[in-house]
Amino acid sequence: MDYLNDIEEAWGMDDNAEKVKILERAIASADMYNDVENGIEARDMLIDTCLTAGFPKKQLQAFSWLVKKWEDDAAYIDAYDLLWKYKWISEHVPTFDEVSKAQIDGLLNDMKVKFEQQNYSLRPYYKVCTLAAIRMGEKDKAEELFEKWNNTKADYLNDCPACETNDKVHYYCFIKDFEKAKKAAAPIIKGKQSCAEVPHLTYGNMALAYLELGDEKMAQECFDKGYPLVEKESSLIPPLSHLLKYLVLTNQTEKAREVIDTNKEIVLKSESGLDRLLFLQAAYPLLDRETETDLVEIAETLTAKFDARNENSYYQDRLK
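Residues numbered from 1 in each chain as written. Predicted model: local features only at pLDDT ≥ 70, side-chain atom pairs only at ≥ 80, totals over all residues. Heavy atoms only, no water.

### Quick look at the overall build of the chain
Phase 1: Helix and strand counts for the chain come out as 17 helices and zero strands.
Phase 2: Taken over the C-alpha trace, the chain has a radius of gyration of 20 Å; the compact-globule value for 320 residues is 20 Å, and the two agree within 12%.
Phase 3: Referenced to the eigenvectors of the C-alpha coordinate spread, the extents of the chain come out at roughly 60 × 45 × 40 Å.
Phase 4: Pairs at least 24 residues apart make up 64% of the contacts formed inside the chain by residues separated by at least 6 positions.
Phase 5: For the chain, the accessible surface area stands at approximately 15,200 Å², while carbon and sulfur atoms represent 47% of it. (Helix = DSSP H or I, 4+ residues; strand = E, 2+ residues; numbered from the N terminus. Rg over C-alpha atoms; globule rule 2.2 N^0.38 Å. Contact = heavy atoms within 4.5 Å. Areas by Shrake-Rupley, 256 points an atom, 1.4 Å probe, with all protein chains shown as cover.)

Here it is, written out as structure tokens:
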């Protein structure tokens with residue numbers, strides 16, 4: 001059967017858009033033949049691939065199918081692996097402007113219930129909820145959840161040390177405690193902690209943090225080291241956006257325009273409305289109001305959509 005060959009071929013491929021197409025084709029065929037086990041394998045691989053290749057909606061669709069299958073017949077699905085993936089999915093759902101606040105709360109609550117049912121620590125749940133609050137501009141809620149995250153004991157479903165550190169840096173930058181961000185980020189900046197997406201995710205926040213602290217040399221170093229890691233990377237648009245914002249704030253206009261022009265295509269193709277918004281807000285001061293009216297309009301429309309969904313003015317305040 002061709003779809004078995006597709007799955008075999010996908011195992012040897014890098015994570016990219018072509019691999020996503022092959023896996024989607026394999027899933028459709030496996031479902032047509034009611035081949036549950038290979039349909040699960042292809043979806044597992046698709047979820048992993050989309051994390052790197054930058055297709056969060058496709059990832060969500062595959063994950064939703066696995067959750068339903070697990071609820072119907074847990075024998076087919078590895079619960080540990082499913083709950084590990086639940087962290088990825090829950091973290092990214094708030095980045096879709098079409099997903100309501102009630103739906104986000106529902107998904108996060110379902111994650112909590114499933115972790116409790118399987119007797120796992122709620123530390124990953126509290127961390128994901130903290131990150132959701134950050135993305136939704138809810139400072140008070142983020143502070144409350146951050147305390148629960150840090151005061152809850154970890155277990156086997158906890159993220160790696162580098163990811164934990166990076167997410168703490170993200171939180172401290174969000175609440176504008178840049179001294180704590182600097183202290184927390186030290187193991188990453190010094191090269192003592194790293195993983196597949198760290199320091200990639202960290203340099204953007206720290207370029208802005210060092211700038212706020214008056215350390216222009218370290219801020220520029222973060223840009224110089226960070227930008228090559230995130231350039232044209234669809235799954236790393238948020239740190240790319242922070243680095244672009246750094247260029248704008250330091251009046252490196254020529255380089256900023258280069259970053260905008262080089263990355264604009266992947267940004268506009270992104271399935272994540274928040275990724276598009278972060279990049280376009282960073283670019284907003286440099287956008288030509290006559291020749292780039294489309295980008296200005298997208299930035300302003302997404303700003304309004306996310307603030308309406310989040311029931312606050314967080315992104316409008318950032319735009320100003």
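### A word on the packing of helix H11 (residues 200-212) against helix H13 (residues 237-249)
Phase 1: Where H11 meets H13, the closest approach of the two axes is 7 Å, and the angle between their N-to-C directions is 25°. Between H11 and H13, the angle is such that the two are roughly parallel. H11 and H13 meet at a crossing whose hand is left-handed. Counting all contacts with H11, which are made through His-200, Leu-201, Tyr-203, Gly-204, Asn-205, Ala-207, Leu-208 and Leu-211, the residues of H13 involved are Pro-239, His-242, Leu-243, Lys-245, Tyr-246 and Leu-249.
Phase 2: For the contact of H11 with H13, the class distribution of residues is nine nonpolar, four polar and one charged. (Axes fitted to C-alpha atoms, helices over the stretch in contact; angles between N-to-C directions. Parallel < 35°, antiparallel > 145°, perpendicular 65-115°, else oblique. Left-handed = near helix turned anticlockwise from the far one by under 90°. Nonpolar A, V, L, I, M, F, W, Y, C, P; charged D, E, K, R; others polar.)

### A look at the pattern of salt bridges
Pairing between side chains becomes possible if they bear opposite charge and their charged atoms approach one another.
Phase 1: One pass over the full model with this rule turns up 28 salt bridges.
Phase 2: Of the charged contacts in the structure, one is a salt bridge between Lys-87 and Asp-159, with a shortest N-O distance of 2.5 Å. Pair noted here: Lys-87 is in helix H5 (residues 79-92) and Asp-159 is in the loop between helix H8 (139-150) and helix H9 (161-174), with a separation of 72 residues, a long-range link. No difference in accessibility class separates Lys-87 from Asp-159, as the two residues are buried.
Phase 3: Among the salt bridges present, the one from Arg-257 reaches Asp-261, with a minimum N-O distance of 3.0 Å. Placement of both Arg-257 and Asp-261 in helix H14 (residues 253-269) is noted, with a separation of four residues, approximately one turn of the helix.
Phase 4: Relative accessible area serves as the criterion here: at 46%, Asp-261 is assigned to the partly exposed category.
Phase 5: Shared partners join several salt bridges into a network, and the residues in it are Lys-87, Arg-123, Lys-127, Asp-159, Glu-164 and Asp-167. (Salt bridge = Lys/Arg side-chain N within 4 Å of Asp/Glu carboxyl O. Buried < 20%, exposed > 50% of the residue type's maximum accessible area, 1.4 Å probe, protein only.)

### Notes on the domain arrangement of the chain
Phase 1: Here the chain is partitioned into domain 1 (1-76) and domain 2 (234-319).
Phase 2: Centre-to-centre, using C-alpha coordinates, domain 1 lies 32 Å away from domain 2.
Phase 3: Taken together, the contact between domain 1 and domain 2 spans eight residues of the former and four residues of the latter.
Phase 4: Here domain 1 packs against domain 2, burying approximately 430 Å² in sum over the two surfaces, 51% of which is carbon and sulfur.
Phase 5: If you sort the residues of domain 1 by the area they bury against domain 2, Gly-54, Pro-56 and Lys-57 come out on top, with a joint share of 58%.
Phase 6: Linking domain 1 with domain 2 are zero salt bridges.
Phase 7: For the pair domain 1 and domain 2, the number of links is two residue pairs in polar contact (both at pLDDT 80 or more).
Phase 8: Mapped onto the side of domain 1 that touches domain 2, the elements with two or more residues apiece are helix H3 (36-53) and helix H4 (56-72).
Phase 9: Of the residues contributing to the side of domain 1 that touches domain 2, the split by class is four nonpolar, two polar and two charged. (Domains from an automatic or database assignment. Buried area = accessible area lost by both parts, 1.4 Å probe. Polar contact = N/O pair within 3.5 Å; in protein donor to acceptor, adjacent residues only side chain to side chain.)

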